[in-house]
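Structural features, examined
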Amino acid sequence: MQKVILKRKIAPRIANGHPWVFGNEVDKTDENIQPGDIVEVQTHDQKFLGKGYFNPQSQIVVRLLTRDKQDEVNEAFFQKRLQECWNYRQKLGYTENCRLVFGEADYMPQLIIDKFNDYFVLQTLTLGMDKWKPAIVKALQTIFSPKGIYERNDVPVRELEGLPQVKGFLSEPFDTKIIIEENGLKFHVDLDQGQKTGYFLDQRDNRRAIQHFVKGADVLGAFTYTGTFEIHAAHYGAKSVLGLDISANAVEQANRNAALNGLENIVRFEVANAFDVLKQWSREGRQYDVVMLDPPAFTKSRETIQKAITGYKEINLRGMKLVKPGGFLVTSSCTNLVNADLFLQTIDMAAKDARRRIRQVTFQAQASDHPIIRGLDMTQYLKFLIVQVL
Ligand code: SAH
């Protein structure tokens, strides 16, 4: 097998569990390794560290798939891995919908597979993983006999790997507009046009966390996408719910989701820029019992972390001002680079500027089908905070 040999100081990081090898960490490589090939990674003194896929065009030249020398990376390997992923989710109680494969956290770097009951949506974000797409599809067919498999590889990061952005069927064509159930509610999911894989499974448990204090409440939600949190609020007994999103498509689908659950008299969605509207409404002195915020990732690069923090501070400051004394703010951040400490500090700054005291009710991460490998920062991305605003 082709080999990649690391510089002396690098090996401990990889040996301690990190699956990525950066270009500047490599001492030498065998000649003739082709992009996408499986390689063996060794320490400077040629001790085995693992096997992974190679791409010299990426800053990350190898991503490890296994640390077991006996493992052959082939069709059977992917079949076994996907079965293990499914076993893990089943152990945690997942039956219908779940993130079946969460990349690095499942030792399957840059592979995402979401299971929506009998339908599967897949992303292979690197060349090395993309090459195994037929094996992955075959494994899904064998384990699940699915009604459909769809590829949502229309993501810009693929271009860093020299891959095109594509989406389409990886099974016989099927109707990509499906309905899923979550926490006893129904949601339209558009696997072809929806954001990312079509639905944010990571907030499942967090959506349940609002159930008690929304009873009888007037609720405002911003960055609502297809309205999941807001429809949960209505279901849990809110008096009125207004949801805002900048995307007309999202708002249209959110209103359809409200109707699908018979909650259209309680919850409605409107197109608005949350930054503008929250500012204006707090000036006008509007007040809600509960305000919920779930903005998109504000940055993907270290250079612009400060901008992301400013964004979080601004939106949470506005949000807090709109909460009646004793009411609740429900706030999320999915920006990977803004870690939990930084996010909490930002919320504290917002509270200070809003001249409000806040009392933490709960602080959570993503649901357990998106496991977190301790020490592997890229697997820990979602921050979900509920505070009482005094
Ligand atoms: N809460 C949702 C996910 C929200 S994703 C869920 O649980 O499914 C973030 C949403 O923010 C997207 O739908 C995007 O259209 C919206 N968005 C981005 N910028 C916005 C802005 N300035 N004002 C309002 N919505 C915005």
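How each quantity is defined
Residues numbered from 1 in each chain as written. Predicted model: local features only at pLDDT ≥ 70, side-chain atom pairs only at ≥ 80, totals over all residues. Heavy atoms only, no water. Helix = DSSP H or I, 4+ residues; strand = E, 2+ residues; numbered from the N terminus. Rg over C-alpha atoms; globule rule 2.2 N^0.38 Å. Buried < 20%, exposed > 50% of the residue type's maximum accessible area, 1.4 Å probe, protein only. Contact = heavy atoms within 4.5 Å. Near = heavy atom within 4 Å. Polar contact = N/O pair within 3.5 Å; in protein donor to acceptor, adjacent residues only side chain to side chain. Areas by Shrake-Rupley, 256 points an atom, 1.4 Å probe, with all protein chains shown as cover. Nonpolar A, V, L, I, M, F, W, Y, C, P; charged D, E, K, R; others polar. Axes fitted to C-alpha atoms, helices over the stretch in contact; angles between N-to-C directions. Parallel < 35°, antiparallel > 145°, perpendicular 65-115°, else oblique. Left-handed = near helix turned anticlockwise from the far one by under 90°. Salt bridge = Lys/Arg side-chain N within 4 Å of Asp/Glu carboxyl O. Core = buried A, V, L, I, M, F, W, Y, C linked by side-chain atoms within 4.5 Å. Domains from an automatic or database assignment. Expected span 1.5 Å × (residues − 1). Phe/Tyr/Trp six-rings, centres within 6.5 Å; stacked < 30°, edge-to-face > 60°. Lys NZ or Arg CZ within 6 Å of the ring centre and 35° of its normal.

Observations regarding the overall build of the protein chain
Tallying secondary structure elements over the protein chain gives ten helices and 20 strands in all. Computed over C-alpha atoms, the radius of gyration of the protein chain comes to 23 Å, within 12% of the 21 Å expected from 2.2 N^0.38 for 390 residues, which places it in the range of a compact globule. Expressed as a percentage of the 390 residues in the protein chain, the buried residues total 56%. Considering only contacts within the protein chain whose residues lie at least 6 apart along the sequence, 62% involve residues at least 24 apart.

Regarding the site of the ligand
Lining the immediate environment of the ligand, one finds 17 residues, of which Q195, T228, D245, A274 and D294 sit closest. At 3.4 Å from a nitrogen atom of the ligand is found a main-chain nitrogen or oxygen belonging to F223. The separation between a nitrogen atom of the ligand and a polar main-chain atom of I246 is 3.1 Å. Taking 590 Å² as the accessible area of the ligand by itself, protein coverage stands at 90%. Of all elements in the fold, only helix 6 (228-235) and helix 8 (274-284) reach the threshold of two or more residues within the shell around the ligand. Taken together, the residues of the shell around the ligand sort by class into nine nonpolar, five polar and three charged.

Some words on the packing of helix 9 (residues 305-321) against helix 10 (residues 340-354)
A packed helix pair is summarised by two numbers, namely the angle formed by the two axes and the spacing between the axes. Their axes nearest at 8 Å, the elements helix 9 and helix 10 cross at an angle of 45°. Taken as axis vectors, helix 9 and helix 10 run oblique relative to one another. Classified by chirality, the crossing of helix 10 by helix 9 is right-handed. Residue-level contacts link I305, I309, Y312, K313, N316, L317, M320 and K321 of helix 9 to L342, F343, T346, I347, M349, A350, A351, D353 and A354 of helix 10.

Observations concerning the pattern of salt bridges
According to the stated counting rule, one finds 27 salt bridges in the structure shown. A salt bridge links D106 to R89, with the nearest nitrogen and oxygen atoms 2.7 Å apart. With a gap of 17 residues between them, D106 in the loop between strand 7 (97-102) and strand 8 (111-116) and R89 in helix 2 (residues 75-91) connect regions that are remote in the sequence. The two residues D106 and R89 agree in class, both being buried.

Structural notes on the nonpolar core
Grouped together as the largest cluster of nonpolar side chains are 37 residues, with contacts concentrated most on V219 and V290. Per-element accounting of this core gives the leading share, four residues, to helix 6. Structurally, this core is a two-domain feature, drawing no fewer than three residues from each of domain 2 (75-175) and domain 3 (200-389). Residues within four places of V290 in sequence aside, it is in contact with F213, V214, A217, D218, V219, L220, F328 and V330. In terms of nonpolar packing, the next biggest core, distinct from the first, is built from 33 residues, A272, L317, I347 and A350 among them.

Quick notes on helix 4 (residues 133-144)
Taking 1.5 Å of rise per residue, twelve residues should cover 16 Å, and helix 4 covers 16 Å from first to last C-alpha, within 8% of that figure. Looking at helix 4, one finds that the buried residues are K133, A135, I136, V137, A139, L140, I143 and F144. In the segment just after helix 4, S145 is the residue with positive phi, at about 40°.

Comments concerning the domain arrangement of the protein chain
The assigned domain composition of the protein chain is domain 1 (3-66), domain 2 (75-175) and domain 3 (200-389). Taken over C-alpha atoms, the centre of domain 1 sits 40 Å from the centre of domain 3.

Quick look at the packing of aromatic side chains
All chains considered together, the criterion is met by 18 aromatic pairs. Summarising the aromatic geometry, the rings of Y150 and F174 are spaced 6.3 Å apart at their centres and angled 85° between planes, so their arrangement reads as edge-to-face. Here the residue Y150 occupies a position in strand 10 (residues 148-153), and F174 occupies one in the loop between strand 11 (166-169) and strand 12 (177-182), the gap between them amounting to 24 residues. F174 sits in the buried class, given a relative accessible area of 13%. One cation-aromatic arrangement involves R207 over F229; the distance from NZ or CZ to the ring centre is 5.6 Å. Just above the ring of W281 sits the side chain of R286; from NZ or CZ to the centre is 3.8 Å.

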